[in-house]
Each structure stands twice: as C-alpha cells, then as structure tokens.
Amino acid sequence: MPQLVVTELLRGVITPFGHGLWTAILGGVLFSSSSREHFVVTGRLILAYLGVSLLHAFWDGRHVIALLLTVLLTGAP
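Model, not experiment: these values are computed from the prediction.

For the rest of this paragraph, the subject is the overall build of the protein chain. Helix and strand counts for the protein chain stand at three helices and zero strands. Helices (α) and strands (β) of the protein chain occur, in sequence order from the N terminus, as α-α-α. The buried share of the protein chain, reckoned over its 77 residues, is 13%. Carbon and sulfur atoms provide 77% of the accessible area of the protein chain, an area that totals close to 6200 Å².

See below:
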C-alpha cells in the first residue's frame, strides 16, 4: 500500500511537466509549418503526434512495460 501512495504522489508531481512538454513538442511542430490563415498537416506533424502519443502510452503503461521487460530479459514465467 505505501508503494502505491508513493507512485501516485510521484505521478501527481511529474505529470504536469510531462504533459506540458508533450504539448510544447506537438505545438512547435504544428506552428512551425503553418501560417496565420491555416494549419498545415505534414508528415512531420503526423510523426510528432505519433511520437507524443507513444510517450504518453509509455507513461501510462510503464509498470506493465517494466514487468514485460523483466519477464523477457530474465525468462521468468
């Protein structure tokens, strides 16, 4: 139980920075290729969106990812 509380506190402190950084990355790519009149959807924008989505998925699933990596690397069932 204390481990859960520590994890939730850590996530509560770090989450605003992660989400702000991901938004800044995506916004920077979006506005770098767009004009005042309209947004331009480019390959870079799509890759940035997918990258930010992947970062968010890793953030949400890091516990499961850590368990899977442990099982894969140690061969434990």
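Where nonpolar side chains cluster on the molecular surface, the patch consists of V41, I46, L47, Y49 and L50 and spans about 550 Å² of accessible area. Residue placement: L47 occurs in helix 2 (residues 43-60). Look at L47 and you get exposed, because its relative accessible area is 59%.

Calculation criteria
- Residues numbered from 1 in each chain as written.
- Predicted model: local features only at pLDDT ≥ 70, side-chain atom pairs only at ≥ 80, totals over all residues.
- Heavy atoms only, no water.
- Helix = DSSP H or I, 4+ residues; strand = E, 2+ residues; numbered from the N terminus.
- Buried < 20%, exposed > 50% of the residue type's maximum accessible area, 1.4 Å probe, protein only.
- Areas by Shrake-Rupley, 256 points an atom, 1.4 Å probe, with all protein chains shown as cover.
- Patch = residues over 30% accessible without salt bridge, like charges linked within 9 Å, V, L, I, M, F, W, Y side chains within 5 Å.
- Salt bridge = Lys/Arg side-chain N within 4 Å of Asp/Glu carboxyl O.

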